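Observations on the three-dimensional arrangement
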Amino acid sequence: MAAPLTVFFFSLYLLVLLMGILGDGFIVGLLSREWVRSRELPPCDKIVASLGASRFFMHWMSTLNGICILVSPRSYCSTNVFYSGILWILLNLFSFWFAAGLSVFYCLKIATFTHPLFLWLKQKISRMVPWLLIGSILVSCVSTLPFIIHYSTNDTWKNKSRNSTETVAKTFQSLKILPLIFIPLCVPFLLLLISSVLLTTSLWRHLKAMQHHGPGLQDCSTKAHTCALTTLASFLSFYVWYFISLIVTSTLTIPFDSPWLWLVQLLSFLGTTCHPVLLIWSNPKIRGGLERGLHYIPACQTPCGTA
């Protein structure tokens, strides 16, 4: 009974990852083509492309790791789990920092606070985006060093005994390792949360101020606030789900041969695979590229002579 259940959950797990790969791959491909054509990308699109690329590789790595675990869990544990663990942490840090950068960019561009520091950042943020991306990469790389040092100096990690699968899983999820993984993730997660709260506050103040004017005067600014807030709220909900699922799954010890491992992984990746859909929907350029691409698919074309 375990084998069919494992195949079922693993198939769903691969399907969810495939959705993320296709979504992020489409975003990165479209924006890369735009960059090649115009030699330049808007600052927001640079962050979106970086975020999509980090998740694209993270989903691919998770797919390959899943196949290796399903085919040969003991061999995977004894040779690859630590190196893939380091790469997994690094890609997650990239994803969280780029997501935080995108939310901060939205907040600075659309919110209407009058504090001098906020106004200064509002004027400079577009030119600061390349440095923001480089800084995110450097901070992510530095944040993985404690994990690498702990791995290099801990002989238990290198255990290759007959029970290595169970020993490695428990060691990787030990209380000593969890802070090294999740404390660096907390900083960009808090930036994402704070920028969402600030944008919500700005929208509330804006709507309150516009109550004294006619509804026709509320169009542009209110629409920009609402659209950005909707995007960030969905954005935040996906990353809250992913962040909590990472903590929960990392405190569990599930054997690699258990079918429930794939159900847990499936639930963990729902947030990162749904978010590309949100980015495509909220970005007119990307949504327009998708609509143009669908016209080349015969199934999506309207037959001649139909209404």
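Note on numbering: residues in each chain are counted from 1, in written sequence order. Whole-chain, interface and lining totals are the exception, using all residues; otherwise, since this is a predicted model, local features are given only for residues with pLDDT of at least 70 and side-chain atom pairs are given and counted only at 80 or more. To get the side-chain values, take all heavy atoms of the structure and skip hydrogens and water.

If you look the protein chain up in an unreviewed UniProt entry, it shows as Taste receptor type 2 from Ornithorhynchus anatinus. UniProt positions are given in the numbering used here, feature names are shortened, and annotations may be inferred rather than shown by experiment. Taken directly from UniProt, the Subcellular location (unreviewed entry) text for the protein chain runs: "Membrane".

Think of it this way: any DSSP run of H or I at least four residues long counts as a helix, any run of E at least two long counts as a strand, and we number them from the N terminus. Scanning the protein chain from N- to C-terminus turns up twelve helices and zero strands. Along its sequence from the N terminus, the protein chain presents helices and strands in the succession α-α-α-α-α-α-α-α-α-α-α-α. With 307 residues in all, the protein chain has 44% of them scored as buried. By sequence separation, contacts in the protein chain at least 24 residues apart represent 80% of the contacts at least 6 residues apart. Areas reported here follow the Shrake-Rupley algorithm with a probe of radius 1.4 Å; residue values treat only the protein chains shown as occluding. With the model as given, the accessible surface of the protein chain reaches about 16500 Å², and the carbon-plus-sulfur share is 72%. Only protein chains enter the calculation, and the probe is 1.4 Å; a residue is then buried if its accessible area is under 20% of its type maximum, exposed if over 50%, and partly exposed in between. Between two residues, a contact is recorded if the distance between any of their heavy atoms is within 4.5 Å.

This next bit is on the side chain of Arg55. As for its placement among the helices and strands, Arg55 is situated in helix α2 (residues 43-71). Given the relative accessible area of 0%, Arg55 is considered buried. Throughout this description, a polar contact denotes any pair of N or O atoms lying within 3.5 Å of each other; where both atoms belong to protein, one of them has to be capable of donating a hydrogen while the other can accept it, and for residues adjacent in sequence the pair is counted only when both atoms sit in side chains. A distance of 3.1 Å separates a polar atom in the side chain of Arg55 from a polar atom in the side chain of Asp24. The contacts of Arg55, once residues within four sequence positions are left out, are Asp24, Ser95, Tyr239, Thr272, His275, Pro276 and Leu279.

Between α2 and helix α5 (residues 116-143), the least distance of the axes is 9 Å, while the angle of their chain directions is 20°. With respect to α5, the axis of α2 lies roughly parallel. As α2 packs across α5, the resulting crossing turns out to be left-handed. Contact with α2, carried on its side by Pro43, Lys46, Ile47 and Ser50, involves Ser126, Val129, Pro130, Leu132 and Leu133 of α5 and no other residues of that element. The convention used is that axes are lines fitted to C-alpha atoms, helices contributing only their stretch in contact, and that angles between N-to-C directions extend from 0 to 180 degrees. Each angle receives one of four descriptions, namely roughly parallel if under 35 degrees, roughly antiparallel if over 145, roughly perpendicular if within 65 to 115, and oblique otherwise. Each crossing gets its handedness from the near helix: less than a right angle anticlockwise from the far helix is left-handed, clockwise is right-handed.

Position of Leu17 relative to the elements: it lies in helix α1 (residues 2-38). Here the alpha-carbon distance between Leu17 and Met61, two residues 44 residues apart in the chain, equals 10.0 Å. Once residues lying within four places of it in the same chain are set aside, the contact partners of Leu17 are His59, Ser62, Thr63, Phe269 and Thr273.

Within 6.5 Å between ring centres, the rings of Phe, Tyr and Trp (the latter by its six-membered ring) count as paired, and their orientation is classed by plane angle as stacked under 30 degrees, edge-to-face over 60, tilted in between. For the coordinates displayed, the defined rule picks out ten aromatic pairs. Ring geometry for Phe56 against Phe57: centres 5.6 Å apart, planes inclined by 80°, an arrangement best described as edge-to-face. Seen in terms of ring centroids, Phe94 and Phe98 are 6.1 Å apart; in terms of plane orientation they differ by 25°. Their pairing is stacked. You can see Phe94 and its partner Phe98 sitting in helix α4 (residues 81-110), four residues apart, about one turn around the helix. Just as Phe94 is buried, Phe98 falls in that class too. An aromatic cluster is present here, built from Phe10, Tyr13, Phe96, Tyr242, Trp262 and Phe269 joined pairwise through their rings.

Our next topic: the environment of Phe182. Residue position: Phe182 is located in helix α8 (residues 178-209). Among the residues examined, Phe182 registers a relative accessible area of 8% and is labelled buried. As for Phe182 and Ile89, which are separated by 93 residues in sequence, their C-alpha atoms are 9.3 Å apart.

The term salt bridge refers to a side-chain nitrogen of Lys or Arg lying within 4 Å of a carboxyl oxygen of Asp or Glu. Taken as a whole and judged by the stated rule, the model has two salt bridges. Its salt-bridge partner being Glu40, residue Lys46 comes within 2.8 Å of it at the nearest N-O pair.

The subject of this paragraph is a nonpolar patch on the surface. Without a salt bridge and with relative accessible area above 30%, a residue can belong to a patch; like charges are then joined within 9 Å and nonpolar side chains (Val, Leu, Ile, Met, Phe, Trp, Tyr) within 5 Å. Residues Trp60, Leu64, Ile67, Leu70 and Val71 make up a contiguous nonpolar surface patch of roughly 470 Å² in combined accessible area. The topology assignment puts Val71 in helix α2.

In this fold, Ser54 is placed in helix α2. Dropping the residues within four chain positions of it, Ser54 is found in contact with Leu91, Phe94, Ser95 and Phe98.

Moving on, we come to the environment of Arg127. Secondary-structure assignment places Arg127 in helix α5. The exposed category is assigned to Arg127, whose relative accessible area is 58%. Taking the C-alpha atoms as reference points, Arg127 and Pro43, 84 residues apart in sequence, are found 7.8 Å from one another.

Side-chain atoms within 4.5 Å link the members of a nonpolar core, which is a set of buried Ala, Val, Leu, Ile, Met, Phe, Trp, Tyr and Cys residues. The biggest cluster of nonpolar side chains holds 61 residues, and the ones touching the most others in it are Val48, Leu51, Phe96, Leu102 and Phe235. The set of elements that each furnish at least two residues to this core consists of α1, α2, α4, α5, α8, α9 (219-250), α10 (260-268) and α11 (270-282). At 16 residues, the largest contribution of residues to this core is made by α4. Leave out the neighbours within four places in its chain, and Val48 touches Ile27, Leu31, Leu102, Leu279 and Ile286.

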